[in-house]
Amino acid sequence: HEYTYKYHFILKRILLFSLFFTLFFNCTVTERPEFIGLENMKVIDSNIQSITLSADALFLNKNDVGGTLKTDNIKIYINDNEVATLISDEFDVQKKENFKVPLTVAVATDSIIDKKSLGGLLGSLISNRLKVQYKGDIKYKVLGYSSTYAIDETQDIKIKL
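Calculation notes
- Residues numbered from 1 in each chain as written.
- Predicted model: local features only at pLDDT ≥ 70, side-chain atom pairs only at ≥ 80, totals over all residues.
- Heavy atoms only, no water.
- Helix = DSSP H or I, 4+ residues; strand = E, 2+ residues; numbered from the N terminus.
- Buried < 20%, exposed > 50% of the residue type's maximum accessible area, 1.4 Å probe, protein only.
- Contact = heavy atoms within 4.5 Å.
- Areas by Shrake-Rupley, 256 points an atom, 1.4 Å probe, with all protein chains shown as cover.
- Core = buried A, V, L, I, M, F, W, Y, C linked by side-chain atoms within 4.5 Å.
- Pairing = 2+ DSSP bridges.
- Axes fitted to C-alpha atoms, helices over the stretch in contact; angles between N-to-C directions.
- Salt bridge = Lys/Arg side-chain N within 4 Å of Asp/Glu carboxyl O.

Help me out: how do you make sense of the overall build of the chain in this one?
Regarding its fold elements, the chain presents three helices and eight strands. Ordered by position from the N terminus, the helices and strands of the chain form the series α-β-β-β-β-β-β-α-α-β-β. Burial statistics for the chain: of 161 residues in total, 34% are counted as buried. Summarising the internal contacts of the chain: among those between residues at least 6 apart in sequence, 69% fall at separations of at least 24. For the chain, the exposed area adds up to about 10,400 Å²; of that, 57% sits on carbon and sulfur atoms.

I tried to follow the environment of Thr109 on my own but got confused; where do I start?
Its location among the elements puts Thr109 in helix α2 (residues 109-112). Through-space distance from the C-alpha of Thr109 to that of Ile48 is 6.9 Å; in sequence the pair is 61 residues apart. Residues within four places of Thr109 in sequence aside, it is in contact with Asn47, Ile48, Gln49, Ser50 and Ile51.

When you look at the nonpolar core in this model, what are you seeing that I'm missing?
The nonpolar side chains of soluble globular proteins are, as a tendency, buried together. By size, the foremost hydrophobic cluster in this structure holds 31 residues, and its most contacted members are Leu53, Phe59, Leu69, Ile76, Leu103, Val132 and Tyr134. Mapped by element, the contributors of at least two residues to this core are β1 (34-46), β2 (50-61), β3 (67-78), β4 (81-86), β6 (97-108), β7 (129-142) and β8 (145-158). The element best represented in this core is β7, accounting for six residues. Setting aside its immediate chain neighbours within four residues, Tyr134 contacts Leu38, Met41, Leu53, Ser54, Ala55, Ile74, Lys75, Ile76, Leu103, Ile151, Asp152 and Glu153.

Teacher, can you tell me more about the pairing of β8 here?
Walk down a regular strand and you will see the side chains alternate between the two sheet faces. The pairing of β7 with β8 spans 14 bridges and is antiparallel. Bridging across to β8, Leu130 finds its partner in Ile157. In this structure, the hairpin formed by β7 and β8 is closed by a connection of two residues, where Leu143 is found at a positive phi of approximately 45°.

Looking at this structure, how should I read the sheet that holds β1?
Where strands meet in a sheet, backbone hydrogen bonds hold them as pairs that are either parallel or antiparallel. The three strands are arranged β1-β2-β6 in an open sheet whose pairing can be described as antiparallel. Each edge of the sheet is formed by a strand with only one pairing partner; in this case those strands are β1 and β6. Averaged over all adjacent pairs, the angle separating strand axes in this sheet is 20°, with direction ignored. In the sheet, β2 pairs with β6 via 12 bridges, with the strands oriented antiparallel. Residue pairing across strands places Phe59 opposite Phe99, the latter belonging to β6.

Would you mind showing me how to read the pattern of salt bridges here?
Side chains that differ in charge, positive against negative, can pair when their charged atoms come close. Within this structure, the stated rule accounts for three salt bridges. Measuring nitrogen to oxygen at the nearest pair gives 3.9 Å for the salt bridge that ties Glu82 to Lys75. The exposure class of Glu82 is partly exposed, given its relative accessible area of 44%. You can call Lys75 partly exposed: its relative accessible area is 27%. Linking Asp80 and Lys131 is a salt bridge whose minimum nitrogen-to-oxygen distance equals 2.8 Å. Placement of Asp80 in the loop between β3 and β4 and of Lys131 in strand β7 is noted, with a sequence separation of 51 residues between them. The class for Asp80 is exposed, based on a relative accessible area of 53%. Note on Lys131: relative accessible area 32%, which makes it partly exposed.

So, in structure tokens, the structure goes:
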């Protein structure tokens, strides 16, 4: 009986150990989430003090586990002039799904106006459009694995007056 008990104990350990490794190695963990692009770039509010811009960074996470994303000093340019830097809190990523990271920033109108860009700004006000660019990095982290996505998207956006 003593050998049977030890044999069953060792067999159970081997079975549990092999089950753990089978589950662990069949899960996708280090596949880099796919950056699809920016969408919905728009002015969501404008007044005499500020213009609030928003965009959604679209991703597809193919991993069996979640992770976190964080923007890293995304620069905002309006009519080719740097006007703000967007830094966000970490964003939780769910496993196996498409997701959006909201990128929203308020830009002081006085930062848009300078002597170099006054002509461009007047043209933008007449046409009700701004040339807006998001440029910087988004970092993804999961279980010690990290990846960086370079963002550089420009669009002409209609101004709400």
